[in-house]
Amino acid sequence: MTNNRPSPVGIMRLINGYWATGILAAAATHKVFTHLENGAETATELAERAGIAERGAQTLLDGLVSVGLAELHEGHYRNTPEAATYLVEDTPVSLAPFARLKLTHTGALTDLAEVVRVGGPVKDVVVEVANNPHWEGIVTAIAAQSVPAATIAAEVLGLADAGEISILDVGGGSGIYSGIWLEANPAARATQLDWEPINEIARRLLTERGVGDRFTTLAGDFHTTDFGTAQYDIAVYSHIAHQEGPESNVEVFTRLRQALKPGGTLVVNDYVVDDDRGGPQFPLLFASEMLLKTRQGSTWRRSDYREWLIKAGFEDVSFHTAEPGTLVVAK
Ligand SMILES: C[S@@+](CC[C@H](N)C(=O)[O-])C[C@H]1O[C@@H](n2cnc3c(N)ncnc32)[C@H](O)[C@@H]1O
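These figures come from a predicted structure and were not determined experimentally.

Caption draft 1: Examining the UniProt feature "domain: O-methyltransferase dimerisation" (unreviewed entry) in the protein chain more closely. UniProt's entry tags residues 12–88 with the feature "domain: O-methyltransferase dimerisation" (unreviewed entry), counted in the numbering of this structure. Within residues 12–88, the helical portion is 65% and the strand portion 10%, while the C-alpha atoms at the span's ends are 29 Å from each other.

Caption draft 2: How the structure looks around the sheet that holds strand S8 (residues 317–322). Strand order in the open sheet made by the 7 strands is S5-S4-S3-S6-S7-S9-S8, with mixed pairing throughout. Looking at which strands have only one partner, the edges of the open sheet turn out to be strand S5 (215–219) and S8. For this sheet, the mean inter-axis angle between neighbouring strands, taken without regard to orientation, is 20°. Relative to strand S4 (residues 189–194), strand S3 (residues 166–170) is paired through 5 bridges, and the arrangement is parallel. The partner of Ile167 across the bridge, within S4, is Ala190.

Caption draft 3: Fine view of the environment of Arg13. Along the polypeptide, Arg13 turns up in helix H1 (residues 9–15). Accessibility expressed as a C-beta count within 10 Å gives 13 for Arg13, which makes it partly exposed. In the structure, Arg13 is positioned 129 residues away from Ile142 in sequence and 26 Å away in space, judged by C-alpha atoms.

Caption draft 4: Representation of the site of the ligand within the structure. Neighbouring the ligand are 19 residues; Trp135, Ser146, Gly171, Gly173 and Ser238 lie closest to it. Sort the elements by how many residues they give to the shell around the ligand and helix H9 (residues 134–157) lands first, with 5 residues. In terms of residue class, the shell around the ligand is built from 10 nonpolar, 7 polar and 2 charged.

Parameters at a glance
Residues numbered from 1 in each chain as written. Predicted model: local features only at pLDDT ≥ 70, side-chain atom pairs only at ≥ 80, totals over all residues. UniProt positions renumbered as here; feature names shortened; annotations may be inferred. Helix = DSSP H or I, 4+ residues; strand = E, 2+ residues; numbered from the N terminus. Pairing = 2+ DSSP bridges. Axes fitted to C-alpha atoms, helices over the stretch in contact; angles between N-to-C directions. Buried ≥ 20, exposed ≤ 12 C-beta atoms within 10 Å, placed from the backbone. Near = placed C-beta within 6 Å. Nonpolar A, V, L, I, M, F, W, Y, C, P; charged D, E, K, R; others polar.

Take a look at the structure:
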């Protein structure tokens, strides 16, 4: 009897996809990528440097080879280029803290079937709660994700040569945009609006970067806090539009247009879906996170952003890749 069925391997990988999350988080917990980078090449060497069991080290290495984060050559392991870039500890772009954090979120997925049935969160909502301590764990862990986007945005906007500009970052979190942009332009000043416990974290991090004297904060809910009028040259709204519904996004973009000087620029960074909803992969999947955690959020299409920004009074909207997100630049 011939078997014309397709292979079940892809589906088996998806069913057990949580193994990959677990292996990655456990490897990050034991700083495996850093040890590999520093020359550990075998399970024995890794076990010794990481202070873990040799059986555990071998299992982690096997798992990392399986998920494409380690390479094996004649009995010697090393990081793949991706792992070497993004998973070694204590670099500006290290996603290792984020990998550790996300493992703690996996339990929430058991609610997804019910969340899908009712069309929104079934337990506590996350983003609609004022001063939610949820953000304190998140903002430093996700800062590394924003480094490439903030760097690309600085180039697109020509920030380094823009002189004495003022910047408004709504929902700035760790202050990563302000940090990178103030370093790029020593004449610039930045203001961040966020909840006060988060602003406190941002002030500490920007002081550590040596740019704290050009950084101020406003505390409160961005839905109700005044952004001012014709005050800023640049405004940024990064990884927030996905937690909001269409009405709120138009409302915030309208107030941001008003807060900008004539000719000022708004940069939105987010996971943006193609207009036909055919991709990219990451934004399509991220919508489930917003269904779990928000009443109105989702990943929005390029056409949604264009429509909302024009409605808000911007005249020119362009898109720039900053994987896995997209920079939406509106003037
Ligand atoms: C996903 S983080 C993004 C942080 C930063 N913009 C980035 O891209 O790295 C969302 C941020 O928005 C803030 N935030 C969410 N809802 C808010 C609200 N209603 N008012 C003020 N800040 C809010 C959170 O405290 C958090 O710092």
